[in-house]
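Examination of the molecular architecture
Each chain, letter by letter, is given below.
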Amino acid sequence: MNDVRELLGRAVEGAGKPAFSAGAVYAKAARIRRRRRVAASAAVLVVVAAGAFTLPRTGGDEDPAHTSVASAGPSASPTTSAPAPASAKAERLAALLPADVGEIEEVSLLALIKNATPEQARTTYLGPLDGQYAFRKDGGVGYLLLTLMDREALERKMGRPADPAEDLCARIGQEPARDDCVREVLPDGRTLTTWHDSMDYSGDDNVGWGPELVGRLAQSDGSQFLVRSSTGFEGSGTLGPLLPEPPLSRQQLKKLLTGPEVLPKG
């Protein structure tokens, strides 16, 4: 796997091409089912978002797998099952996004994929909106994984000093180049890098992930926001078919990551 799994085992990272079609995504899903199980483990998948082999506790003790909230607006998609109690974080996230992204649920991938208990899935996040979310739309289910990692945690994970100016689009050694990689230095000096990842990796979990849009926002203090906007997964614990494209676009990710709502107070 690349740095997405290198961080959310690679940690908020991987996705395919600059544009997706439903046919291409489902064809890839079929290939995935035949020849691979997703990279690393469910814990590793979480690490892209958390930078550690643990998943966040979400949904409460009675239902660690998910809690849901419908995105406001006339175009929000109805849930296909009885709604769980809405989580405050899912509500806050939905308020920042367009209504047409669908219904948003806060989930625990470790609970979904590995049937982990709330205690096993518990972790601590730095950002107020950090977590894992399912996006239900038009019968499909995608995911958004968002995590803020401080400089110390990043350096432990990477095994080297963090460099806020590092060019993630540059190819290093034999490492494959990131697909459709865009690096943007923002007016405040932070650097946002986004790319697509096909997620066509071999692994030992009985799940297959679809294409993703990955993002990293490097901040001047060495911390980074890590994000995965995933078309979903198939296999053990799935909540539904893949989406034809990632739930959040590049511009939507940029707007979310650069807004004050994702930053810790103080």
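Presented here is an overview of the structure given in this document. The model shown is predicted, which means the values in this text are computed figures rather than measured ones.

1. Some words on the overall build of the chain
- In terms of regular secondary structure, the chain is built from eight helices and 10 strands.
- Burial status across the chain gives 54% buried among its 266 residues.

2. Regarding the pattern of salt bridges
- Considering all chains together, one arrives at 12 salt bridges under this definition.
- Salt-bridge contacts for Glu155 lead to Arg151; the nearest nitrogen and oxygen are separated by 3.1 Å. Here Glu155 and its partner Arg151 are both found in helix H7 (residues 151-158), four residues apart, which amounts to about one turn of the helix.
- The class of Glu155 is partly exposed, set by a relative accessible area of 26%.

3. Overview of the pairing of strand S3 (residues 131-137)
- Taken across its seven residues, S3 has six buried, putting it largely inside the fold.
- Pairing of strand S2 (residues 103-107) with S3, which is carried by five bridges, proceeds in the antiparallel orientation. By the bridge assignment for S3, Ile104 is matched with Phe135.
- Pairing analysis gives seven bridges linking S3 to strand S4 (residues 140-149), with the strands arranged antiparallel. Of the residues in S4, the one forming a bridge with Gly131 is Leu146.

4. Some points on H7
- If you check which residues of H7 are buried, you get Ala153, Leu154 and Met158. End-on, the buried residues of H7 take up no more than an arc of 120°, which puts them together on one face. Those residues of H7 that are exposed and aimed more than 90 degrees away from the buried face are Glu152 and Arg156.

5. What to know about the packing of aromatic side chains
- For the structure on display, the rule yields three aromatic pairs.
- Between Tyr143 and Trp209, the aromatic rings sit 5.9 Å apart at their centres with planes inclined by 65°, giving edge-to-face as the arrangement. Separated by 66 residues along the polypeptide, Tyr143 in strand S4 and Trp209 in strand S7 (residues 207-209) bring together distant segments of the chain.
- In this structure Trp209 comes out as buried when scored by relative accessible area, which is 0%.
- Centroid distance Trp209 to Phe233: 5.0 Å. Interplanar angle 40°. Geometry classified as tilted. Within this pair, whereas Trp209 is found in strand S7, its partner Phe233 is found in strand S10 (residues 233-235), the two being separated by 24 residues in sequence.
- Using a relative accessible area of 0% as the deciding quantity, one classes Phe233 as buried.
- Feature note: the residues Tyr143, Trp209 and Phe233 constitute an aromatic cluster, connected by ring pairs.
- Here the guanidinium or amino end of Arg178 rests over the ring plane of Trp195, the centre of that ring lying 4.6 Å away.
- The residue whose ring lies beneath Arg228 is Trp209, and the NZ or CZ to ring-centre distance is 4.7 Å.

6. Observations concerning empty space enclosed by the protein
- Approximately 60 Å³ is the volume attributed to the largest cavity.
- Surrounding the largest cavity, Asp163, Pro164, Glu166, Leu168, Thr191, Thr193, Arg216, Ala218 and Gln224 form its lining.
- When contributions to the lining of the largest cavity are tallied by element, the ones reaching two or more residues are strand S6 (191-197) and strand S8 (212-218).

7. Re the pairing of strand S9 (residues 224-230)
- For S9, the buried fraction is high: seven of the seven residues fall into the buried class.
- In terms of strand pairing, S4 meets S9 through seven bridges, oriented antiparallel. Looking at the pairing, Leu148 lines up with Phe225 of S9.
- Pairing geometry for S8 and S9, over seven bridges, is antiparallel. Along S9, the bridge assignment pairs Leu213 with Ser229.
- Counted along the chain from S8 to the antiparallel partner S9, the turn is five residues long, and its residue Gly222 has a positive phi close to 95°.

8. Regarding the environment of Arg183
- For Arg183, the location among the structural elements is in strand S5 (residues 179-185).
- With 34 residues separating them in the primary sequence, Arg183 and Leu217 have C-alpha atoms 9.8 Å apart.

9. Focus: the nonpolar core
- Leu93, Ile104, Tyr133, Phe135, Leu144 and Leu248 are the most contacted members of the largest nonpolar core, which totals 23 residues.
- Residue assignment for this core shows that the elements contributing at least two residues are helix H4 (88-96), S3, S4, S8, S9 and helix H8 (250-257).
- Once you skip the residues sitting within four places of it in the chain, Leu144 turns out to touch Leu93, Gly131, Gln132, Tyr133, Phe135, Val227, Arg228, Ser229, Leu248, Leu253 and Leu256.
- Core analysis: the second largest hydrophobic core is formed by 13 residues, Leu109, Ile113, Tyr201 and Phe233 among them.

Analysis parameters
Residues numbered from 1 in each chain as written. Predicted model: local features only at pLDDT ≥ 70, side-chain atom pairs only at ≥ 80, totals over all residues. Heavy atoms only, no water. Helix = DSSP H or I, 4+ residues; strand = E, 2+ residues; numbered from the N terminus. Buried < 20%, exposed > 50% of the residue type's maximum accessible area, 1.4 Å probe, protein only. Salt bridge = Lys/Arg side-chain N within 4 Å of Asp/Glu carboxyl O. Pairing = 2+ DSSP bridges. Arc of directions from axis to C-beta. Phe/Tyr/Trp six-rings, centres within 6.5 Å; stacked < 30°, edge-to-face > 60°. Lys NZ or Arg CZ within 6 Å of the ring centre and 35° of its normal. 1 Å grid on protein atoms, 1.4 Å probe; cavity = no way out; pocket = protein on both sides within 12 Å on 5 of 7 lines; lining within 4 Å. Points joined across faces, edges and corners; volume = space filled by probe spheres on them. Core = buried A, V, L, I, M, F, W, Y, C linked by side-chain atoms within 4.5 Å. Contact = heavy atoms within 4.5 Å.

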